[in-house]
Amino acid sequence: MSRAVLRPGDSIDDLRERARRRLPRTAFGAIDGGGGDEITLRRNRTAFDDLLLRPRALRDVSTRDLSTTVLGDPVSMPLLVAPVGYARMAHRDAELAIVRAGARAGTVCGVSSFTSYPLEEIAAAAGGPLWYQLYPPATSDARKAILERVRAAGFRVLCVTIDAPTPGIRRRELRSRLQLPLRLTPRLLRECATRPGWLFDYARGGAGRGRQGLPPVVRTPGGTRTTPAANSVVTADVVAELRELWDGPIVLKGVMRAEECAELVSLGIDGIGVSNHGARQLDSVPATIEVLPEIVDSVAGRVEVFVDGGFRRGTDIAKALILGARAVLVGRPLLYGIAAGGEDGAAGALEMLRREIDSTFALLGATSLADLDSSLVRRAPTR
Ligand SMILES: Cc1cc2nc3c(=O)[nH]c(=O)nc-3n(C[C@H](O)[C@H](O)[C@H](O)COP(=O)(O)O)c2cc1C
């Protein structure tokens, strides 16, 4: 039986607040922060306020069904878990807790290139479909070696992140002199003075132990040891090569321009991930919900379109579904969840969002995804 981490009336913001109170400032800032001056981080949230919902009258919504498929995998709801690295900063069970929560919710989780546990262990913990998020390394040999390990671990979907040729300028990380794995420096110990729970978790194998935030090491055919790249330059040639090497579906994560979609689709990919990396990379870019409609238009149903960035409520998620997203991904809510209560906290975050999506559907007059159309949303008049 799971432990109730959430209280009646809680929102994802309450979970975030609980994570803030539990984690040392360095760890919380690394999870919560964004790139540059966090203009896009704020915009990813406020942009939802500019869209208003238009509920239908007199619909029988007494039974509802949120289920769908994503790239052929059935999911219980159109909400997936985004790949997030560094999860061990939040809880010692890290990705294991997240994928178990995802499996409990009947949905798909992305697994980052920068995990704290071996990807085989994470795949075994989930027992269901997962996406492997790849930061392609620089050489073809290294890419082949990683893909072999990922395939052998049982992953079918490859999610290639294309917006990280260099890490964003994350001031909260720079100011706290973040280094992974986290070590008990005098600064961190000072921060922990009011965070005994986190320190206890650390001592039991949490953030400081294990390979927190480190990518899998593989041996290339030439015998060199290699890993996915932290600075990952992805060109059309790299995507074409990955297409040749990988049999299963490929999602390109980090697309923000509609006019590029025709070329991306022509590379033989299966999904487009509209993403600004949770506002952690280039600052001053639009919120993803702002560019979603033009990207959906340009893709014109040829591949599935996913979106992430700042989704925290059922109404946020419903807006993206109405605008044509196949599914929405959330990242930080799961990290707040494991910080607040391990696997049960992550499962609680997903169940909260499921209840909110379900309630939004009912109140909109929709019983399933098939009932959604663009008449259900409109832009707020400028005040
Ligand atoms: C702490 C943290 C680590 C992340 N690590 C990765 C990563 O390793 N690879 C990746 O493609 N995206 C990564 N992301 C971005 C997420 O996949 C996703 O795009 C983003 O979190 C969605 O926004 P949200 O957190 O507001 O829901 C990370 C995000 C966070 C917050």
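Refer to the preceding data block for the structure.
About the criteria used
Residues numbered from 1 in each chain as written. Predicted model: local features only at pLDDT ≥ 70, side-chain atom pairs only at ≥ 80, totals over all residues. Heavy atoms only, no water. Helix = DSSP H or I, 4+ residues; strand = E, 2+ residues; numbered from the N terminus. Buried < 20%, exposed > 50% of the residue type's maximum accessible area, 1.4 Å probe, protein only. Contact = heavy atoms within 4.5 Å. Polar contact = N/O pair within 3.5 Å; in protein donor to acceptor, adjacent residues only side chain to side chain. Salt bridge = Lys/Arg side-chain N within 4 Å of Asp/Glu carboxyl O.

Caption draft 1: Representation of the environment of Ser 176. The topology assignment puts Ser 176 in the loop between α7 (171-175) and α8 (186-192). A relative accessible area of 11% places Ser 176 in the buried class. C-alpha separation for the pair Ser 176 and Arg 25, spaced 151 residues apart in sequence, amounts to 8.1 Å. Beyond its immediate chain neighbours, meaning those up to four positions away, Ser 176 contacts Thr 26 and Arg 187. Reaching out from Ser 176, the side chain makes a polar contact with the backbone oxygen of Glu 173 at a distance of 3.3 Å.

Caption draft 2: How the structure looks around the pattern of salt bridges. In this structure the tally under the stated criterion is 25 salt bridges. Put simply, Asp 201 and Arg 92 hold a salt bridge, and the shortest N to O gap is 2.5 Å. With a gap of 109 residues between them, Asp 201 in helix α9 (residues 196-203) and Arg 92 in the loop between β4 (79-81) and α4 (94-104) connect regions that are remote in the sequence. Each of the two residues, Asp 201 as well as Arg 92, counts as buried. Notably, a salt bridge pairs Arg 104 with Glu 343, separated by 2.8 Å at the nearest N-O pair. With Arg 104 in helix α4 and Glu 343 in helix α14 (residues 332-364), this pair connects stretches of sequence that are 239 residues apart. For Arg 104, a relative accessible area of 41% translates into the label partly exposed. Each of the salt bridges in this network shares a partner with another, and the network as a whole consists of Arg 16, Asp 32, Glu 38 and Arg 172.

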